[in-house]
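# Observations on chain architecture
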Amino acid sequence: MRALIHSALLLSLVAASSSLSAQFSVSGGLIGALDSLKKATHASLAYTVGADYNGHLPGTEIQARTGLAFALMPGQAHNGLTTSLNLAQLHGDLFVPTGVKPMRAVVGLSLNHYGMSLKGTENTADPLDRDHHFPIRDASGIKFGFRFGLDYALSSHMSLELLYQQTELAGKDLNDPLVRQGGINPGWLQVVFTYRF
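Structural notes, computed from the coordinates.

About the thresholds
The residue count restarts for each chain, going from 1 along the sequence in the order it is written. Note on the predicted model: pLDDT of at least 70 is required for a residue's local features to be given, and 80 or more for side-chain atom pairs to be given and counted; whole-chain, interface and lining totals, by contrast, use all residues. Based on all heavy atoms of the structure, the side-chain values leave hydrogens and waters out of the count. The pocket and cavity definitions rest on a 1 Å grid over protein atoms only: a 1.4 Å probe that fits but cannot leave marks a cavity, an open set with protein on both sides within 12 Å along at least five of seven lines marks a pocket, and residues lining either have an atom within 4 Å of a point. Grid points are joined across faces, edges and corners, and a volume is the space filled by probe spheres set on the points. Working definition: helices are DSSP H or I runs of at least four residues, strands are E runs of at least two. Numbering for both runs from the N terminus. Between Lys or Arg on one side and Asp or Glu on the other, a salt bridge is scored when a side-chain nitrogen of the former is within 4 Å of a carboxyl oxygen of the latter. The rule is simple: take the accessible area with a 1.4 Å probe, protein chains only, and divide by the maximum for that residue type; under 20% is buried, over 50% is exposed, in between is partly exposed. As used in this structure description, the phrase polar contact means that two N or O atoms lie within 3.5 Å; if the pair is within protein, one of them must be able to donate a hydrogen and the other to accept it, and residues adjacent in sequence are counted only when both atoms belong to side chains. In this description, a nonpolar core means a group of buried Ala, Val, Leu, Ile, Met, Phe, Trp, Tyr and Cys residues linked to one another through side-chain atoms lying within 4.5 Å. Pairs of residues are marked as contacts when any of their non-hydrogen atoms sit within 4.5 Å.

## As for the layout of surface pockets
Taken as a whole, the largest pocket spans an internal volume of roughly 310 Å³. Sorting the residues of the lining of the largest pocket by element identifies strand E2 (45–56), strand E3 (63–73), strand E5 (103–119) and strand E6 (142–153) as the ones contributing at least two each. Residue contributions to the lining of the largest pocket peak at 3 residues, all from E2. Around the second largest pocket sit 14 residues that line it, and Gly171, Lys172, Asp173, Leu174 and Asp176 are the ones nearest its centre.

## Overview of the pattern of salt bridges
In the structure shown here, the tally under the stated rule is 8 salt bridges. A salt bridge links Arg180 to Glu122; its shortest N-O distance comes to 2.5 Å. Here the residue Arg180 occupies a position in the loop between strand E7 (158–167) and strand E8 (187–196), and Glu122 occupies one in the loop between E5 and E6, the gap between them amounting to 58 residues. Glu122 carries the same exposure label as Arg180, and that label is buried. Here the salt bridges share partners, and the residues they tie into one network are Arg65, Asp93, Arg147 and Glu161.

## Thoughts on the environment of Gln89
Take Gln89: it is sitting in strand E4 (residues 82–97). In this structure Gln89 comes out as buried when scored by relative accessible area, which is 2%. C-alpha separation for the pair Gln89 and Phe144, spaced 55 residues apart in sequence, amounts to 9.7 Å. At 2.7 Å, the side chain of Gln89 forms a polar contact with the side chain of Gln165.

## Re unusual backbone geometry
Backbone geometry at His42 places phi at a positive 55°, although glycine is not the residue there. With respect to the element layout, His42 can be found in the loop between helix H2 (35–41) and E2. On the basis of relative accessibility, which here comes to 31%, the residue His42 falls in the partly exposed class. The backbone of Asn79 sits at a positive phi, close to 55°, despite the residue not being glycine. Within the fold, Asn79 resides in the loop between E3 and E4. Using a relative accessible area of 39% as the deciding quantity, one classes Asn79 as partly exposed.

## Section: the nonpolar core
Most often, soluble globular proteins keep nonpolar side chains buried together rather than apart. Counting 16 residues, the largest nonpolar core has Met73, Leu85, Tyr114, Leu169 and Trp188 as the members making the most contacts within it. Looking at this core, the elements that each hand over two or more residues are strand E1 (23–33), H2, E3 and E4. Non-local contacts of Trp188, meaning those with residues more than four positions away in its chain, are made with Ile31, Gly32, Ala33, Leu34, Leu37, Met73, Leu87, Tyr114, Leu163, Tyr164, Gln165 and Thr167.

Here you go:
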């Protein structure tokens, strides 16, 4: 039920921002991992690219966008094990005036699909040796997330954004024979350059 509600919210933003006056944009930037993401990848940096449609909520002056982003989150070896993530994200955002003309606040929701690659050999002989097990066993499924930050217009076509994002990833797996980090809900800060056509 929760996933259905989240999907409905995003679809409403998709419809709202794809009006006749919609504007297409592309973006790219760097991700700075917070501790909650480092629990999975043990790395500080990741990368993101995306594309969006920008428009207005029907009957209002509220600016909105919907888009698709991809992120590469390469892992760093930790105790001989490396966990890398990649992310496909559908997001919907609203822009809120801040009173400082070139700057707007951004608030949004996201639906996220993670891929995961693992390198190394776990210590399966000791189920309690969490430090020598991969942090999670399974990253499959659609994960909910939220995002907020600031957008600063450099010109009518270019802007810089600073966004905080938090998503679900993996809870404690009670059916897993190995004790793992578990309970990982990655969070990060991203700085993104956006160009609007």
